[in-house]
Amino acid sequence: DQQVKQNSPSLSVQEGRISILNCDYTNSMFDYFLWYKKYPAEGPTFLISISSIKDKNEDGRFTVFLNKSAKHLSLHIVPSQPGDSAVYFCAASGRDTGNQFYFGTGTSLTVIP
Amino acid sequence: KAGVTQTPRYLIKTRGQQVTLSCSPISGHRSVSWYQQTPGQGLQFLFEYFSETQRNKGNFPGRFSGRQFSNSRSEMNVSTLELGDSALYLCASSLVPRLAGGHLPQETQYFGPGTRLLVL
């Protein structure tokens, strides 16, 4: 049972434009969410996190939005750069999952120069 | 501060063999989690260790096991390898684990580069 879903396997965006990556979850107990970026043959790199007490968290070009009622979060990258081309995973954990994170299947972002 | 390290980076085994993978967490981190990544499946949680104790286990067969040492380094073992075990195995460390039922803040997990295992 996939508790965290990324329904878009891939996304292409022009350099300088906004990239929006989406993630949906089903477990209402999830209260902490992470985004990771992954290049081929490397481990995921932590990008940004958000807890359920917030609905927005910003770090430079990266902003994560959380809509708890819709069980949806999104990662906005503005402006997109070619170096942002990678696979992006969202992950979630909750009070009932301890330290176990549930990951989506990833969205491959291509930023076109 | 050095990141999470994993050895070996690449491994080729044949069916029926067993394999041991190693993970050294970030200095000071005491919690280690293991994940399996296969194409199209995302990251699947294997297990988590803290203070040399397995605290949480994912839905994997008993052929998958692990342990943690007093210095927080961790190993995972897969016995009687099957073709379907071919995957990228990732280790992640965090300062301390969040206890089930525990409140925020949650510690972020930082990943190593992974060990790519190919079973022939």
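Residue numbers restart at each chain and count upward from 1, following the sequence in its written direction. Lettering of chains starts at A and numbering of ligands starts at 1, both following the order in which they are written. Per-residue local features are limited, in this predicted model, to residues with pLDDT of at least 70; the limit for side-chain atom pairs, both in listing and counting, is 80 or more; totals at the level of whole chains, interfaces and linings are taken over all residues. Remark: hydrogens and water are excluded; side-chain values derive from all non-hydrogen atoms of the structure.

### Focus: the overall build of chain B
Right, on to step 1. Runs of E in the DSSP output that reach at least two residues are strands. Runs of H or I that reach at least four are helices, and both are numbered from the N terminus. Of regular secondary structure, chain B possesses zero helices and 11 strands.
Right, on to step 2. When the helices and strands of chain B are placed in sequence order, the string is β-β-β-β-β-β-β-β-β-β-β.
Right, on to step 3. We compute the radius of gyration over the C-alpha atoms and compare it with the globule rule, which gives 2.2 Å times the number of residues raised to the power 0.38. Its C-alpha radius of gyration of 14 Å places chain B within 12% of the 14 Å reference for a compact globule of 120 residues.
Right, on to step 4. If one aligns the C-alpha atoms of chain B with their principal axes, the spans along those axes are about 45 × 30 × 25 Å.
Right, on to step 5. By the burial criterion, 48% of the 120 residues in chain B qualify as buried.
Right, on to step 6. The contact criterion used throughout is that any non-hydrogen atoms of two residues lie within 4.5 Å. In chain B, once contacts between residues fewer than 6 apart in sequence are set aside, the share between residues at least 24 apart is 57%.
Right, on to step 7. As presented, chain B carries roughly 5600 Å² of accessible surface, and 51% of it is formed by carbon and sulfur atoms.
Right, on to step 8. Under the counting rule used here, the positive set is Lys and Arg, the negative set is Asp and Glu, and His together with the chain ends is not counted. Each charge is placed at NZ for Lys, CZ for Arg, CG for Asp and CD for Glu. Considering chain B, the positive charge centre built from 12 side chains and the negative charge centre built from 6 side chains are found 3 Å apart. Under the scheme applied here, a residue whose accessible area is under 20% of the maximum for its type counts as buried, over 50% as exposed, and between as partly exposed, the area being computed with a 1.4 Å probe on protein chains only. Only the protein chains shown count as cover for residues, and all accessible areas are computed by the Shrake-Rupley method using a 1.4 Å probe.

### Notes on the sheet that holds strand β3 (residues 19-25) of chain A
Across a sheet, strands are paired by hydrogen bonds formed along the backbone, either parallel or antiparallel in direction.
Residues and elements named next belong to chain A.
Right, on to step 1. Any two strands are treated as partners once DSSP identifies two or more bridges connecting them. The antiparallel open sheet is built from five strands, whose spatial order is β1-β3-β8-β7-β6. Because the sheet does not close on itself, it has two edges, and the strands there are β1 (4-5) and β6 (56-59).
Right, on to step 2. Direction of pairing for strand β7 (residues 62-67) relative to strand β8 (residues 72-77): antiparallel, over a ladder of six bridges. When the sheet's bridge partners are listed, V64 is paired in β8 with L75.

### Thoughts on the nonpolar core
Right, on to step 1. Core analysis: the biggest nonpolar cluster contains 23 residues, and A:F33, A:W35, A:L73, A:L75 and A:Y88 have the highest contact counts within it.
Right, on to step 2. Listed by contribution, the elements that provide at least two residues to this core are β3, β4 (30-38), β5 (45-51), β7, β8, β9 (86-94) and β11 (107-112) of chain A.
Right, on to step 3. Looking at this core, the element that brings in the most residues is β9(A), giving four residues.
Right, on to step 4. Setting aside its immediate chain neighbours within four residues, A:L75 contacts A:S19, A:I20, A:L21, A:W35, A:L47, A:I48, A:F62, A:T63 and A:Y88.
Right, on to step 5. Core analysis: the next-biggest nonpolar cluster, separate from the first, contains 21 residues, B:V4, B:C23, B:V32 and B:F47 among them. Here, the term nonpolar core denotes a set of buried Ala, Val, Leu, Ile, Met, Phe, Trp, Tyr and Cys residues that are joined through side-chain atoms within 4.5 Å.

### Section: the confidence of the model for chain B
Right, on to step 1. Per-residue confidence from the predictor is reported as pLDDT, which spans 0 to 100. Of all residues in chain B, 91% have pLDDT values of 70 or greater, and the mean over the chain is 90.
Right, on to step 2. No element of chain B has a lower mean pLDDT than strand β6 (residues 53-57) of chain B, at 89, and none a higher one than strand β3 (residues 19-24) of chain B, at 98.

### A short note on the packing of aromatic side chains
Right, on to step 1. Between the rings of Phe, Tyr and Trp (Trp by its six-membered ring), a pair exists once the centres lie within 6.5 Å; its type follows the angle of the planes, with under 30 degrees stacked, over 60 edge-to-face, and the other angles tilted. Counted under the stated rule, the structure contains 14 aromatic pairs over all chains.
Right, on to step 2. Their ring planes at 50° and their centres at 6.1 Å tell us that A:Y25 and A:F30 sit as a pair that is tilted. The pair formed by A:Y25 and A:F30 is uniform in burial state, with each residue classed as buried.
Right, on to step 3. Looking at A:F30, the relative accessible area reads 3%, which means it is buried.
Right, on to step 4. Of the aromatic side chains, those joined through ring pairs into one cluster are A:Y36, A:F46, A:F103, B:Y35, B:F45, B:Y110 and B:F111.

### Some words on the state of the cysteines
Right, on to step 1. What counts as a disulfide here is a pair of cysteine sulfur atoms lying within 2.5 Å. Enumeration over the complete set of coordinates arrives at two disulfides over all chains.
Right, on to step 2. Here A:C23 is linked by a disulfide to A:C90, with a sulfur-sulfur distance of 1.9 Å. Across the S-S bond linking A:C23 and A:C90, the dihedral sits near 70°, which makes this disulfide right-handed. One end of the pair, A:C23, is in strand β3; the other, A:C90, is in strand β9, with 67 residues separating them in the sequence. The two residues A:C23 and A:C90 agree in class, both being buried.
Right, on to step 3. Here B:C23 connects covalently by a disulfide to B:C91, the sulfurs 1.7 Å from one another. Its S-S torsion of about -55° marks the bond between B:C23 and B:C91 as left-handed, since a negative value means left-handed. Residue B:C23 is found in strand β3, and its partner B:C91 is found in strand β9 (residues 87-94); the two are separated by 68 residues along the sequence.

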